[in-house]
Amino acid sequence: YTCSLANLGSSCQRLCSLDLGKSSVTDSGLVSLGRSLPSLRKVSLRGCTGVGEAGLLALAAACPALQTLSVGQLQGVSRAAIRGVQALCTECIIDM
């Protein structure tokens, strides 16, 4: 899945919105996604059981222009991690 996300980024460089809800994406996939698509503005990760704090923070660090991040039904993500995302993406609305 990580390779697919990296390929998506190289094939669709102008992509600004992506819904990965309930997919099998992982933290390493989000790292690849952020590196290949730094201009992402809207990402949904609702119900992605393989996503944790490290992935969220990596995505936020790589995509500083992120405006909307949906993280409902993510397990094991602390308020501190959400604050970290908000610090990295100051204009981002986080949908819990």
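Here the structure is a predicted model, which is why all the values come from computation and not from measurement. (Residues numbered from 1 in each chain as written. Predicted model: local features only at pLDDT ≥ 70, side-chain atom pairs only at ≥ 80, totals over all residues. Heavy atoms only, no water.)

1. Considerations on the overall build of the chain
What counts here: Each helix is a run of H or I in the DSSP string that is no shorter than four residues. Each strand is a run of E no shorter than two, and both are numbered from the N terminus. We compute the radius of gyration over the C-alpha atoms and compare it with the globule rule, which gives 2.2 Å times the number of residues raised to the power 0.38. Summary of the burial criterion: residues with accessible area below 20% of their type's maximum are buried, those above 50% are exposed, and those between are partly exposed, where the area comes from a 1.4 Å probe applied to protein chains only. Whether two residues are in contact is decided by their heavy atoms, any of which lying within 4.5 Å being enough. Surface accessibility follows the Shrake-Rupley procedure with a 1.4 Å probe radius. Residue values consider only the protein chains on display as shielding.
The helix and strand inventory of the chain stands at 4 helices and 4 strands. Listed by position from the N terminus, the elements making up the chain come as α-β-α-β-α-β-α-β. Radius of gyration (C-alpha) of the chain: 12 Å, near the 12 Å computed for a compact globule of 96 residues. Each of the three principal axes of the chain carries a C-alpha extent, and together these read 35 × 25 × 15 Å. Here the chain, with 96 residues, has 39% of them falling under the buried criterion. A separation of at least 24 residues holds for 72% of the contacts in the chain among residues at least 6 apart in sequence. Of the roughly 5100 Å² of accessible surface on the chain, a fraction of 51% belongs to carbon and sulfur atoms.

2. Some thoughts on the nonpolar core
Heads up, the condition is: Residues belong to a common nonpolar core when they are buried Ala, Val, Leu, Ile, Met, Phe, Trp, Tyr or Cys residues joined through side-chain atoms within 4.5 Å.
If you look at the biggest cluster of nonpolar residues, it comprises 25 residues, and the most contacted ones within it are Leu-33, Leu-45, Leu-56 and Leu-69. Breaking this core down by element, the ones donating at least two residues are α2 (27–36), α3 (53–62) and α4 (79–88). Top contributing element to this core by residue count: α3, with 3 residues. Not counting residues within four places of it along the chain, the set of residues in contact with Leu-33 comprises Leu-5, Leu-18, Leu-20, Leu-40 and Leu-59.

3. Here we look at unusual backbone geometry
The general pattern is negative phi for most residues beyond glycine and trans for most peptide bonds. Phi is positive for Lys-22, close to 60°, though the residue is something other than glycine. For Lys-22, a relative accessible area of 68% puts it in the exposed group. A positive phi angle, near 65°, is found at Gln-73, a position not held by glycine. As for its position among the elements, Gln-73 is in the loop between β3 (68–70) and α4. When its relative accessible area of 56% is taken as the criterion, Gln-73 is described as exposed.

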